[in-house]
Amino acid sequence: MFGLHYKIERSAIGLVTFIVLVASIGGLIEIAPLFTIDETVEQAPDMRVYTPLEVAGRNIYIREGCYACHSQMIRTLRDEVERYGPYSLAVESSYDHPQLWGSKRTGPDLARLGNKYSDAWHTVHLFNPRDVVPESKMPAYRWLLRDPLRTDDLGNHLSALRAVGVPYTDEQVANAALDAYGQANPETAAADGVAERYGSATNIRMFDGVSTRLTDMDALVAYLQVLGNLTDAAHQPNQPEAE
Amino acid sequence: MIADLTRAERQWAMMILGALGIVGLAMAVAGRNDLLGIHGWIVLAAGLGGFIAFMRGKDAPEPSDDRLNEYYDAPTRLGIILTLLWGVVGMGAGLWVASLLAWPELTFDAAWASFGRLRPVHTSGVIFGFGGNALIATSFHVLQRTTRARLPDQISPWFVLLGYNLFCVIAASGYLMGLTQSKEYAEPEWYADIWLVVVWVVYFAIYMRTLARRKEPHIYVANWYYMAFILVVAILHIVNNLAVPVSFGSAKSYSLFSGVQDAMTQWWYGHNAVAFFLTAGFLGMMYYYLPKRAGRPIFSYRMSIISFWGITFMYMWAGSHHLHYTALPHWVQTLGMAFSVVLLVPSWASAGNALLTLNGAWHKVRDDAVLRFMALAAIFYGITTFEGSFMAIRAVNSLSHYTDWTIGHVHAGALGWVAMITFGSLYSIVPSMWKRPSLYSAKLVEVHFWLALSGTVVYVFAMWNSGVIQGLMWRTYTESGTLSYSFIDSLVAMHPYYIARAFGGLLFLLGALVALYNVVMTIRMPAPATEDAALDIPVQPALQAGE
Amino acid sequence: MPFDHDTVVGFSKSFGLFYLVTLSVIALAWTYWPSNKKGFDEAARLPVREEEDRPWR
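This structure is a prediction, so every number in the text was calculated from the model and none was measured.

S.K.: Looking at this structure, I do not really get the overall build of chain B. What am I missing?
M.R.: A count of helical and extended segments in chain B gives 18 helices and two strands. Relative to the globule expectation of 24 Å for 547 residues, the C-alpha radius of gyration of chain B, 24 Å, shows essentially globular dimensions. Expressed as lengths along the three principal axes of its C-alpha atoms, the size of chain B is roughly 85 × 65 × 45 Å. A burial count over chain B gives 67% of its 547 residues as buried. The long-range fraction of contacts in chain B, counting pairs at least 24 apart against all pairs at least 6 apart in sequence, stands at 82%. Mean positive and mean negative side-chain charge positions of chain B (32 and 29 charges, respectively) differ by 6 Å.

Structure follows, in structure tokens:
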């Protein structure tokens, strides 16, 4: 036994091997089982995918670092459930690449934000939070109304998401840019295609209040309005009680 | 720098820089309709700038073989300066974001100046810019002294140091443009991540090649910590950043993992970045510089080995304590909590080992602010690891999670432990690195020490208070069984603490500026006249930082 | 999936414990092996030795 240890200590390669052996096991044991979790986790047959406009909005949420101050994970604690709504289930973020659970609440949790406030409230609030919440510490995101939304590469975004496991159809990928336009312009022919491809529960509205052009604001508000509404699973009565 | 290289090494360097320039050009062309293109131009400029500098310097005479009789310290010297510069940038960004929370209008309607984009500049600036450069600079120094072998060649250390800083520049400039993966402490996008892997492989190779040429039979324990840092960070980085780019012309990528798997992977990474980047590497620093400065061997070498294996093994399990009461399965949460609590044993073994080493040399701690930095770092390490284990307990975490208490905990570790041990170590090697008899001013070190200590204390107490108040307000009920406070009530209550926190950060930043000034003035002090020392001074290493 | 969730979790919990204990015993035995003491004592003096600040060759 001594000989073996002596060699490990003498040889840098032995040390390296031992470090890797010791260090990797904890991660393997905790993470590997999670990849078989689909078998036991709650089912959500009604789970729908994000529309192209919502994907674009989600990317703006990431770009502006919203996750640094807002969580999207309601814990199984009584006060959180009363403040924010039913606690978050694993299945609800199963199409979130990456997840945006967050780690800090400088602002409130957003997991159940969808359709809680009007589009107009969100647009005003994002333009200048202190117009609607005087004590707010949130930055004013005025450029969201100024900047036109880029839609030409949304098809590529959807196929990349499909490559990592989100079930987009060929038709959804092919019409991504058109659907992004249609979702924010309810009076147009493009809007019908959105409902057809993404279901009738999809929000099809002029999110920023202006129909003529698509802005970053349209996308972000569309995303905020779908938060917590991809599936009804969390509202089903068979969930265990919060602690 | 160029004059120190042999002709053959200069040709290698030019080939590497040329290849880098071509990669940059390819990125600029492929990403011409995307923000990727801007990063392409930055990479191209770095490659081309270096290439031109070599074109102009390539005919300089060959360096003499005498260089092989000296340790190769030029990369360490530049690394020290970069550490201090990134420290000022990162802490400056920190002060700015802290002020934004007290006065949100300081964004000036510019997208790049909003909280969400500046925050990663702060976190990456201090962790990767300040911490990473300090680790690279000191690891080269410690590695050579403890093996009594010169670094294996003259290009690869520069490749690691400058390549790493290119990564940091890409990361920070990307955040300002809105490029981020949104994974905390792993924000840089896919192409920056690939580049870091290349740099890291070379870094690891330097370590192995130097160790293979060592004179000493034993590998000193500081090197174990540095090696664990290099190896485990590589594993974490590669696994956590697996992603599919939208296209090769797009900066955006989508993480391979989603939902609960992604959350666990992210916090397995996030927590172990703290463990192996901000703890293991800096423990390596402590185990070399603290005994050296105190003039006493480490109290118990065996204890340092036990704590090494303890930390390497147990940290890896602790990440799930970031996900208590979430959709993560209960048994994983419990496992993470249990290991987090046991982790206190090896952590306190290290802190205790450091303090017991100083036992009998307290008069030195009293008189020497440099050693005092290191002693204080060990104390803060002990405090922070205790607090960490405490906060990992589910019941405590239900209160502390999502609040400023976490921020206070992180800064007790980052300011009190990481930055203090770094400043102590840098101060202790700066004179010998530039062949100066002493630092420019011992008094300024004293000033820095008190600024750093008071800044840390103000910061941490402000965040402890605000965090606990916030957590309690969120869960307080009225007698009739409804929630007492709205979210906005809790936000209003935070305001005075946010101002106090910004003030603490300001003190700490001032300390870092004093350190930068002191080091620059030390370098600018006239060199002693001895012939031996004069030979050893590099040709203005700082001026070539842009290469 | 070739394994069901309960099997993987069961393996994690049993094998993980076994692995933890084995590696700890190896690390502890090696650290406190009496004949290793001399090497450790030498190594501990590495940072504080008085010597020329140069490589060995």
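From this point, the narrative continues.
S.K.: In this structure, what is going on with the interface of chain A and chain B? I would like to understand it.
M.R.: It is common to give the size of an interface as the accessible area lost on bringing the parts into contact. With 81 residues of chain A at the contact, the number on the chain B side is 96 residues. In terms of surface lost to chain B, no three residues of chain A exceed Glu-30, Arg-75 and Lys-137 of chain A, which account for 11% of the buried area on that side. Where chain A packs against chain B, one counts six salt bridges. The tally of links from chain A across to chain B stands at 27 residue pairs in polar contact (both at pLDDT 80 or more).

S.K.: Just checking my understanding: could you explain helix α10 (residues 189-198) of chain A for this structure?
M.R.: Side chains that are three or four residues apart share a direction in an α-helix, a result of its 3.6 residues per turn. Residue and element names in this part refer to chain A. Within the span of α10, buried status applies to Ala-190, Ala-191, Gly-193, Val-194, Arg-197 and Tyr-198. Buried residues in α10, looked at end-on, bunch into an arc of 155°, giving them a common side. Opposite the packed face of α10, turned more than 90 degrees from it, sit the exposed residues Ala-189, Asp-192 and Glu-196. Looking at the packing, one finds that the buried side of α10 touches α3 (52-63), α7 (154-163), α8 (170-174) and α9 (176-183). Looking one or two residues beyond α10, the residue adopting positive phi is Gly-199, at roughly 100°.

S.K.: Is there a simple way to explain the interface of chain C and chain B in this structure?
M.R.: Between chain C and chain B, the contact holds 30 residues from the first and 36 residues from the second. For the chain C and chain B pair, buried surface summed over both sides reaches about 2900 Å², with 65% attributable to carbon and sulfur atoms. The largest per-residue losses of area from chain C upon contact with chain B belong to Pro-47, Arg-54 and Trp-56 of chain C, which jointly make up 22% of the total buried on that side. Here chain C and chain B share one salt bridge between them.

S.K.: I'm lost on the pattern of salt bridges in this one. Help?
M.R.: When the charged atoms of two side chains with opposite charge come close together, those side chains can pair. Counting across every chain of the model gives 32 salt bridges over all chains. For the salt bridge of Asp-109 of chain B with Arg-142 of chain A, the shortest nitrogen-to-oxygen distance reads 3.9 Å. Here Asp-109 of chain B is found in the loop between α3 (74-102) and α4 (115-147), whereas its partner Arg-142 of chain A is found in the loop between α5 (119-127) and α6 (143-146) on a different chain. The class of Asp-109 of chain B is partly exposed, set by a relative accessible area of 30%. The partner of Arg-119 of chain B in a salt bridge is Glu-184 of chain B, and the shortest N-O contact between them spans 3.2 Å.

S.K.: Looking at this structure, how should I read the environment of Trp-195 of chain B?
M.R.: Residues and elements named next belong to chain B. Position of Trp-195 relative to the elements: it lies in helix α6 (residues 190-212). With 31 residues separating them along the chain, Trp-195 and Tyr-164 place their C-alpha atoms 8.6 Å apart. The contacts of Trp-195, once residues within four sequence positions are left out, are Leu-20, Phe-159, Gly-163, Leu-166 and Phe-167. Of the polar contacts made by the side chain of Trp-195, one reaches the backbone oxygen of Gly-163; its length is 2.9 Å.

S.K.: Honestly, the nonpolar core in this entry has me stumped. Any pointers?
M.R.: What tends to happen in soluble globular proteins is that the nonpolar side chains get buried as a cluster. In this structure, Tyr-168 of chain A together with Tyr-164, Phe-277, Trp-309 and Phe-423 of chain B are the most contacted members of the largest nonpolar core, which totals 257 residues. A per-element tally of this core places helix α8 (residues 259-294) of chain B first, with 21 residues. Residues lining this core come from more than one domain, with at least three contributed by each of domain 1 (1-59) and domain 2 (71-535) of chain B.

S.K.: It is not clear to me how the side chain of Ser-425 of chain B should be interpreted in this structure. Could you clarify?
M.R.: Residue and element names in this part refer to chain B. Following the sequence through the fold, Ser-425 ends up in helix α15 (residues 404-433). Using a relative accessible area of 0% as the deciding quantity, one classes Ser-425 as buried. For Ser-425, the residues in contact, after removing those within four places along its chain, are Met-285, Tyr-289 and Met-374.

S.K.: Before we go on, may I ask you to explain the confidence of the model for chain C in this structure?
M.R.: Any residue range with low pLDDT should be treated as having predicted coordinates unsuitable for detailed reading. Predicted confidence across chain C gives a mean pLDDT of 80, with 93% of residues reaching 70 or more. Two numbers describe this predicted complex: its pTM, 0.93, and its ipTM, 0.92.

S.K.: How should the packing of aromatic side chains be read in this particular structure?
M.R.: Centre distance and the angle of the planes are the two values used to describe a pair of aromatic rings. Using the criterion set out here, one finds 45 aromatic pairs over all chains in the structure. Look at Tyr-61 of chain A and Tyr-223 of chain A: their rings are 5.4 Å apart centre to centre, the planes differ by 70°, and that puts the pair in the edge-to-face class. Of this pair, Tyr-61 of chain A sits in helix α3 while Tyr-223 of chain A sits in helix α11 (residues 216-226); the two residues are 162 residues apart in sequence, bridging distant segments of the chain. In terms of burial, Tyr-61 of chain A and Tyr-223 of chain A fall into one category: buried. Pairwise contacts between aromatic rings join Phe-18 of chain A, Tyr-220, Trp-224, Tyr-225, Tyr-287, Tyr-301, Phe-308 and Trp-309 of chain B together with Trp-30 and Phe-40 of chain C into one cluster. Geometry around Phe-127 of chain A places Arg-142 of chain A over its ring, the cationic atom sitting 5.8 Å from the centre. Across from the ring centre of Tyr-325 of chain B, 4.2 Å away, lies the NZ or CZ of Arg-394 of chain B, which sits over that ring.

S.K.: What exactly am I supposed to notice about the domain arrangement of chain B here?
M.R.: All names here are of chain B. Segmentation of chain B into domains returns domain 1 (1-59) and domain 2 (71-535). A separation of 30 Å is found between the C-alpha centroids of domain 1 and domain 2. Contact with domain 1, which involves 20 residues of that partner, is made by 19 residues of domain 2. Of the roughly 1600 Å² buried at the junction of domain 1 and domain 2 (both faces included), carbon and sulfur atoms supply 76%. Of all residues in domain 1, the largest losses of buried area upon contact with domain 2 belong to Met-1, Leu-36 and His-39, amounting jointly to 33% of the total for that side. Connecting domain 1 to domain 2 are zero salt bridges. In this structure, the connection of domain 1 to domain 2 is made through seven residue pairs in polar contact (both at pLDDT 80 or more).

S.K.: What is the right way to read the confidence of the model for chain B from this model?
M.R.: Of all residues in chain B, 97% attain a pLDDT of 70 or more, and the chain-wide mean is 92. Taken as a whole, residues 533-547 of chain B scores under 50 in pLDDT and shows 20 contacts with residues more than four places along the chain or in a different chain.

S.K.: What's the story with the packing of α3 of chain B against α15 of chain B in this structure? I'm lost.
M.R.: Any two packed helices are characterised by how steeply their axes cross, that is the angle between the axes, and by the distance between the axes. Residues and elements named next belong to chain B. Packing of α3 against α15 brings their axes to within 11 Å, and their N-to-C directions diverge by 145°. Every pair of crossing elements has a handedness; the one defined by α3 and α15 is left-handed. Every residue of α15 that contacts α3 at Thr-76, Arg-77, Ile-80, Thr-83, Leu-84 and Met-91 is listed here: Thr-422, Phe-423, Leu-426, Ile-429, Val-430 and Met-433. By residue class, the composition of the contact of α3 with α15 is eight nonpolar, three polar and one charged.

S.K.: What is the right way to look at a nonpolar patch on the surface in this model?
M.R.: All names here are of chain B. Residues Val-341, Trp-348, Phe-386, Phe-390 and Ile-393 make up a contiguous nonpolar surface patch of roughly 450 Å² in combined accessible area. In this structure, Phe-390 sits in helix α13 (residues 369-391). A relative accessible area of 37% places Phe-390 in the partly exposed class.

Thresholds applied
Residues numbered from 1 in each chain as written. Chains lettered and ligands numbered in written order. Predicted model: local features only at pLDDT ≥ 70, side-chain atom pairs only at ≥ 80, totals over all residues. Heavy atoms only, no water. Helix = DSSP H or I, 4+ residues; strand = E, 2+ residues; numbered from the N terminus. Rg over C-alpha atoms; globule rule 2.2 N^0.38 Å. Buried < 20%, exposed > 50% of the residue type's maximum accessible area, 1.4 Å probe, protein only. Contact = heavy atoms within 4.5 Å. Lys, Arg positive; Asp, Glu negative; His and termini not counted. Charge placed at Lys NZ, Arg CZ, Asp CG, Glu CD. Buried area = accessible area lost by both parts, 1.4 Å probe. Salt bridge = Lys/Arg side-chain N within 4 Å of Asp/Glu carboxyl O. Polar contact = N/O pair within 3.5 Å; in protein donor to acceptor, adjacent residues only side chain to side chain. Arc of directions from axis to C-beta. Core = buried A, V, L, I, M, F, W, Y, C linked by side-chain atoms within 4.5 Å. Domains from an automatic or database assignment. pLDDT = per-residue confidence, 0-100. Phe/Tyr/Trp six-rings, centres within 6.5 Å; stacked < 30°, edge-to-face > 60°. Lys NZ or Arg CZ within 6 Å of the ring centre and 35° of its normal. Axes fitted to C-alpha atoms, helices over the stretch in contact; angles between N-to-C directions. Left-handed = near helix turned anticlockwise from the far one by under 90°. Nonpolar A, V, L, I, M, F, W, Y, C, P; charged D, E, K, R; others polar. Patch = residues over 30% accessible without salt bridge, like charges linked within 9 Å, V, L, I, M, F, W, Y side chains within 5 Å. Areas by Shrake-Rupley, 256 points an atom, 1.4 Å probe, with all protein chains shown as cover.

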